[in-house]
Amino acid sequence: MFDANQIGMPNGNYFALPFSVEDAALALVAAPWDVTTSYSAGTAGAPVALLDASAQIDLYDLVYGDFWQQGIGTVPLANKWLQQSAAMRKQAQKVIAMLEKEVDKNHPRLRSLLQKVNDASAQFNDYVYNTTRALLQQNKRVGLVGGDHSTPFGYLRALAEQHTQWGILHIDAHADLRQAYEGFEYSHASIIYNVLKHLPQVAKIVQVGIRDLCNDEVTLAQNDARVVQFNSYAIAQNEFCGGNWATLCKKIVDELPQKVYVSFDIDGLSPDNCLHTGTPVPGGLSFLQACYLLQQLSEAGKTVIGFDLCEVCPHPHSNIDVIVGARMLYKLCGCLLSSK
Ligand SMILES: [Mn+2]
C-alpha cells in the first residue's frame, strides 16, 4: 500500500517508511537521554519529536536519490529510559546547584549524588551498547538519534569491537573534550574526551564548526595527534579571503581514514537552525554547507560505518528545531547508505 509520492502516514517509523528493522539495511535507535546538559533541557524528547516531524519529508533526495529503498527501520523506543532520564536529571541539577554554591568537592552528599548520576549514565550506555551491538551483529548499519551528546558512547564502544582503525567526523560548536565535566563522567561535554581515553580504535577525530572551548580542551587538542580541528573562524576566514568550501571540504575529508563515523551535534549548525538547543553558539555551518560536507564524504569513497544526531531540542511553540533536525537525520541516512 506504500506510495512514496503521497504524504507520509505516521506509522511509528522514522520518515513513515514501511520497513521493519529485519527488512532494512539501516536501523535507527532512539537514545532519549538528557541528564547532564547544563543550560536548557529537552533533548531527551527529540527521538519522538523527530519521528513525528520526519513523516513530513518527501522521500526523493536531490543528492542521494532513492536511497531510502534500501530500507530504514525504526527500533521501538524504550520509554523506560525517558523516565529514568527525567529522574536522574533532577539529581544532576542538585549537583550543579551545589557546585554553584562552591560546596567542597568531597562533600559526602555531592559525592553520593554524583555516584548515582554516573551509575545511571553507565547503565544507559550499556543499554545503547547492547542494542547497537546486536544490530551490528545482524549486519545492520545503525544511526543513533539522541538525546544529548553523551548518548553515542555505548554505540561507539560497539563499533570499536567491529572496526580496528576508524575516524570520527565530529560536527559541533564544542570540542566536547572536557574530562568529567561538572563531575559527570559521561557528560554531554565529555564525549570526545571519553572516546580518546577509552577507544584506541579511533585513529582520528576531525572536528568541524568548533567555536566554543576552554583552555584545557585547546591544550588537549594540540597535544593529541588524533585530533584535528577546522574551527568556525578559520572556516569563515577561508571564505572571506577567497577560498571555497569545496576545497576545504576536500581537506577535511582527506584527514579522515577510510572508515568514518559521523557524530553530528546540531549546534554545529548556525543557531537559526537550532534555536532551542542546550548551548547554542553564533556562527557555525549553514544547513547546506553541512549537507555538502556529508556529500563530499560519501563521494570521496569513504565508508560511513555509522552516525549519531544529537542535541536537537524540540520546543512547544516552535517547530524549526525538529524540522531542521529531521532533515539532517535524513541526510545522514542518505550519506551512510550511499557510501561504499
Ligand atoms: Mn556536542
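These lines cover the structure that appears in this document, whether it is placed above or below. Small disclaimer: the values here were computed from a predicted structure and weren't measured.

1. Some remarks on the nonpolar core
Point 1. Counting residues in hydrophobic clusters, the biggest one holds 60 residues, and the most contacted among them are Phe15, Ile72, Leu169, Val208 and Met328.
Point 2. It is helix 10 (residues 320-338) that provides the largest number of residues to this core, a total of 11 residues.
Point 3. If you look at the next biggest cluster of nonpolar residues, it comprises 50 residues, including Val29, Met88, Ala92 and Ile205.

2. Observations concerning the coordination of the manganese ion
Point 1. Those protein atoms acting as donors to the manganese ion are His149 (ND1), Asp172 (OD), Asp176 (OD) and Asp265 (OD), and they sit at 2.1 to 2.3 Å.
Point 2. Written as a sequence motif, the donor residues of the manganese ion are H-x22-D-x3-D-x88-D. Remark: aspartate 172 occurs in the loop between strand 4 (166-171) and helix 5 (191-198) and histidine 149 occurs in the loop between strand 3 (141-146) and helix 4 (153-162); sequence separation between them is 23 residues. Grouping residues by exposure puts histidine 149 and aspartate 172 together as buried.

3. A short note on the environment of glycine 65
Point 1. In this structure, glycine 65 sits in the loop between helix 1 (46-54) and strand 2 (72-74).
Point 2. Given the relative accessible area of 13%, glycine 65 is considered buried.
Point 3. When the C-alpha positions of glycine 65 and arginine 157 are compared, they lie 32 Å apart, and in sequence the two are 92 residues distant.
Point 4. Not counting residues within four places of it along the chain, the set of residues in contact with glycine 65 comprises Leu59 and Tyr60.

4. Some thoughts on the packing of aromatic side chains
Point 1. A full pass over the atoms with the stated rule returns 14 aromatic pairs.
Point 2. Ring geometry for phenylalanine 2 and tryptophan 68: centres 5.7 Å apart, planes at 65°, overall edge-to-face. Remark: tryptophan 68 occurs in the loop between helix 1 and strand 2 and phenylalanine 2 occurs in the segment before strand 1 (26-31); sequence separation between them is 66 residues.
Point 3. Taking the relative accessible area as the measure of exposure, tryptophan 68 reaches 7% and is therefore buried.
Point 4. The structure contains a cluster of three or more aromatic residues connected by ring pairs, namely Tyr14, Phe15, Tyr64, Phe67 and Tyr330.
Point 5. Above the ring of tyrosine 129, the side-chain terminus of arginine 157 is found at 4.4 Å from the ring centroid.

5. Focus on the pattern of salt bridges
One side chain can pair with another of opposite charge once the charged atoms of both are near each other.
Point 1. Inspection of the entire model under this criterion finds eight salt bridges.
Point 2. Between lysine 331 and aspartate 61 there is a salt bridge, and its shortest N-O distance comes to 2.9 Å. Placement of the pair is lysine 331 in helix 10 and aspartate 61 in the loop between helix 1 and strand 2, with a sequence separation of 270 residues.
Point 3. Using a relative accessible area of 15% as the deciding quantity, one classes lysine 331 as buried.
Point 4. In this structure aspartate 61 comes out as buried when scored by relative accessible area, which is 3%.
Point 5. Between aspartate 254 and lysine 250 there is a salt bridge, with its nearest N and O atoms 3.0 Å apart.

6. Notes on a positive patch on the surface
Point 1. There is a patch of like positive charges on the surface, built from Lys90, Lys94, Arg109 and Lys116.
Point 2. Looking at the positive patch, the elements that each hand over two or more residues are helix 2 (79-100) and helix 3 (108-137).
Point 3. Take lysine 90: it is sitting in helix 2.

Rules behind the numbers
- Residues numbered from 1 in each chain as written.
- Predicted model: local features only at pLDDT ≥ 70, side-chain atom pairs only at ≥ 80, totals over all residues.
- Heavy atoms only, no water.
- Core = buried A, V, L, I, M, F, W, Y, C linked by side-chain atoms within 4.5 Å.
- Buried < 20%, exposed > 50% of the residue type's maximum accessible area, 1.4 Å probe, protein only.
- Helix = DSSP H or I, 4+ residues; strand = E, 2+ residues; numbered from the N terminus.
- Donors = N, O, S within 2.8 Å, 3.2 Å for Na, K, Ca; no water.
- Contact = heavy atoms within 4.5 Å.
- Phe/Tyr/Trp six-rings, centres within 6.5 Å; stacked < 30°, edge-to-face > 60°.
- Lys NZ or Arg CZ within 6 Å of the ring centre and 35° of its normal.
- Salt bridge = Lys/Arg side-chain N within 4 Å of Asp/Glu carboxyl O.
- Patch = residues over 30% accessible without salt bridge, like charges linked within 9 Å, V, L, I, M, F, W, Y side chains within 5 Å.
- Areas by Shrake-Rupley, 256 points an atom, 1.4 Å probe, with all protein chains shown as cover.
- Lys, Arg positive; Asp, Glu negative; His and termini not counted.
- Charge placed at Lys NZ, Arg CZ, Asp CG, Glu CD.

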